[in-house]
Amino acid sequence: MVTEAAAGSDETLAARAAAGDSAAFDDLVTRYQHRVYRLARRLTGNDEDALDVAQEAFLQAFRHLGSFRGASRFGTWLYRIATNAALMHVRARARRPEESLERFLPGFDAKGRHRGTPEELRVAAHADDLLDRERLAKHAMSALARLPEPYRVAFVLRDLEELPTDEVAEALHLKPATVRQRVHRARLMLRGYLSDIVEERS
Amino acid sequence: MRNVTCESGVKRLMDYLEGTLSGPVRIELETHVAGCPLCRAFIESYRETPRILRGATDAAPSPAQQRALLAFLRSQRGRGA
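Our subject in this report is the structure included herewith. Values in this document were obtained by computation on a predicted structure and should not be read as measured data.

1. Section: the overall build of chain A
At step 1: In terms of helices and strands, chain A carries 11 helices and zero strands.
At step 2: Traced from its N-terminal end to its C-terminal end, chain A shows the element sequence α-α-α-α-α-α-α-α-α-α-α.
At step 3: The principal-axis extents of the C-alpha atoms in chain A amount to approximately 65 × 35 × 35 Å.
At step 4: Looking at the 202 residues of chain A, the share that counts as buried comes to 51%.
At step 5: Counting contacts in chain A only where the partners sit at least 6 residues apart, residues at least 24 apart contribute 68% of the total.
At step 6: Of the roughly 9,900 Å² of accessible surface on chain A, 49% is carried by carbon and sulfur atoms.
At step 7: If you average the places of the 32 positive and of the 31 negative side-chain charges in chain A, the two averages end up 5 Å apart.

2. A short note on the environment of Tyr-151 of chain A
At step 1: Tracing the sequence through the fold places Tyr-151 of chain A in helix α9 (residues 149-160).
At step 2: Spatially, the C-alpha atom of Tyr-151 of chain A lies 9.9 Å from that of Met-189 of chain A, the residues being 38 residues apart in sequence.

3. Quick word on the interface of chain A and chain B
At step 1: In this assembly, 53 residues from chain A lie in contact with 42 residues from chain B.
At step 2: Taking both sides of the interface into account, the surface hidden between chain A and chain B amounts to around 4,500 Å²; carbon and sulfur atoms contribute 66%.
At step 3: The three residues of chain A that bury the most area against chain B are His-114, Arg-180 and Arg-187 of chain A, which together make up 13% of that side's buried surface.
At step 4: In this structure, Glu-162 of chain A and Arg-54 of chain B form a salt bridge, with 3.5 Å as the shortest nitrogen-oxygen distance.
At step 5: Our count for the contact surface shared by chain A and chain B stands at 19 residue pairs in polar contact (both at pLDDT 80 or more).
At step 6: When residues of the side of chain A that touches chain B are assigned to their parent elements, the largest contribution, 11 residues, is made by helix α3 (residues 22-44) of chain A.
At step 7: Its residues assigned to classes, the side of chain A that touches chain B shows 26 nonpolar, 12 polar and 15 charged.

4. Here's the deal with the side chain of Arg-158 of chain A
At step 1: By the element assignment, Arg-158 of chain A lies in helix α9.
At step 2: Those residues in contact with Arg-158 of chain A, other than ones at most four positions away along the chain, are Leu-163, Pro-164, Thr-165, Val-168, Val-183 and Arg-187 of chain A together with Glu-18 of chain B.

5. Looking at empty space enclosed by the protein
At step 1: Across all of its chains, the model carries four cavities of 30 Å³ or more by this definition.
At step 2: Taken as a whole, the largest cavity holds about 50 Å³ of empty space.
At step 3: Together, His-114 of chain A together with Cys-6, Gly-9, Val-10, Leu-13, Leu-29, His-32, Val-33, Cys-39, Phe-42 and Ile-43 of chain B line the largest cavity.
At step 4: Breaking the lining of the largest cavity down by element, the ones donating at least two residues are α1 (6-11), α3 (23-34) and α4 (37-56) of chain B.
At step 5: Looking at side-chain class alone, the lining of the largest cavity contains eight nonpolar, three polar and no charged residues.

6. Remarks on the side chain of Arg-38 of chain A
At step 1: For Arg-38 of chain A, the position within the fold is in helix α3.
At step 2: Residues in contact with Arg-38 of chain A, not counting those within four places in the same chain, are Tyr-79 and Glu-161 of chain A together with Thr-57, Asp-58 and Ala-59 of chain B.

7. Brief notes about the packing of aromatic side chains
Each aromatic ring pair is described using two quantities: the centre-to-centre distance and the angle formed by the ring planes.
At step 1: Applying the stated criterion across every chain, the model contains seven aromatic pairs over all chains.
At step 2: Seen from their ring centres, Phe-25 of chain A and Phe-62 of chain A are 4.9 Å apart, and the 65 degrees between their planes marks the pair as edge-to-face. Highlighted residues: Phe-25 of chain A in helix α3 and Phe-62 of chain A in helix α4 (residues 47-63), separated in sequence by 37 residues.
At step 3: Take Phe-25 of chain A: its relative accessible area is 2%, and that puts it in the buried class.
At step 4: Their ring planes at 45 degrees and their centres at 5.0 Å tell us that Phe-68 of chain A and Trp-77 of chain A sit as a pair that is tilted. Residues Phe-68 of chain A and Trp-77 of chain A agree in their burial class; the two are buried.
At step 5: The ring of Tyr-32 of chain A has Arg-35 of chain A lying over it, and the distance from NZ or CZ to the ring centre is 4.2 Å.
At step 6: In this structure, Arg-77 of chain B packs its charged tip against the face of Phe-62 of chain A, placed 5.5 Å from the ring centre.

8. Structural notes on the state of the cysteines
Residue and element names in this part refer to chain B.
At step 1: Counted by the stated rule, this structure contains zero disulfides over all chains.
At step 2: In this structure Cys-6 is a free cysteine whose sulfur lies 3.7 Å from that of Cys-39, the closest cysteine sulfur available.
At step 3: Cys-6 sits in the buried class, given a relative accessible area of 1%.
At step 4: Owing to a relative accessible area of 4%, Cys-39 belongs among the buried residues under this scheme.

Parameters and conventions
Residues numbered from 1 in each chain as written. Chains lettered and ligands numbered in written order. Predicted model: local features only at pLDDT ≥ 70, side-chain atom pairs only at ≥ 80, totals over all residues. Heavy atoms only, no water. Helix = DSSP H or I, 4+ residues; strand = E, 2+ residues; numbered from the N terminus. Buried < 20%, exposed > 50% of the residue type's maximum accessible area, 1.4 Å probe, protein only. Contact = heavy atoms within 4.5 Å. Areas by Shrake-Rupley, 256 points an atom, 1.4 Å probe, with all protein chains shown as cover. Lys, Arg positive; Asp, Glu negative; His and termini not counted. Charge placed at Lys NZ, Arg CZ, Asp CG, Glu CD. Buried area = accessible area lost by both parts, 1.4 Å probe. Salt bridge = Lys/Arg side-chain N within 4 Å of Asp/Glu carboxyl O. Polar contact = N/O pair within 3.5 Å; in protein donor to acceptor, adjacent residues only side chain to side chain. Nonpolar A, V, L, I, M, F, W, Y, C, P; charged D, E, K, R; others polar. 1 Å grid on protein atoms, 1.4 Å probe; cavity = no way out; pocket = protein on both sides within 12 Å on 5 of 7 lines; lining within 4 Å. Points joined across faces, edges and corners; volume = space filled by probe spheres on them. Phe/Tyr/Trp six-rings, centres within 6.5 Å; stacked < 30°, edge-to-face > 60°. Lys NZ or Arg CZ within 6 Å of the ring centre and 35° of its normal. Disulfide = S-S within 2.5 Å.

Listed below in structure tokens is the structure:
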């Protein structure tokens, strides 16, 4: 098996692919297909769309290799293309209105204190121990789909794909502070959602 | 010194965890949290939320899907994509 180091950096492969080396492009696809597919699935909410988006994203990347100048990392550039392809896909699809996750934001009393006991406030931290794996997976995909799109995109890139905040900002053309604000909002809603499904379990 | 509440602390939580809060604001928040079991419980679940969602939404294309993707891209290149 050829290691990534031996095959060259992403940027080297991209330059070779741009110069017409199709094996170099295949290497990039092999290297990134898992991440692009997973990102697309998290943004679109299903396997079938994820495959379509992965195809579209790699095709666009191939067509635009000439415009990849290495100003950003290849991965960041590809994530931007894949994110845009996923969003085009989601927007083109007729959607039924989803119930918002706003109601899962944390609640406070008149003095600004958390509502609930420490045990209730903590419970989401153990959602993966307390819930059946399949059920949690289903709820998690549904919750992502119900996040408002700007929050979903920021959360998926930052917290699920684990890109550093400044790379997410670069990929989405946002300020890092805006990315943090959106990720924060998504975390609050998802945390509340997890608490809710854990409590419903009983 | 301002009076940090759970609510005002939650607003700053992401900035706190990312290390972008100024020194005095960070210390005020830490002081509140040290004396607040509600916030400690809340923060624990807030911090774990990304990990739980990450695990629950992980997926990989199957080997057949991976082969299909490469074949599709090769066919498109052959057409001068």
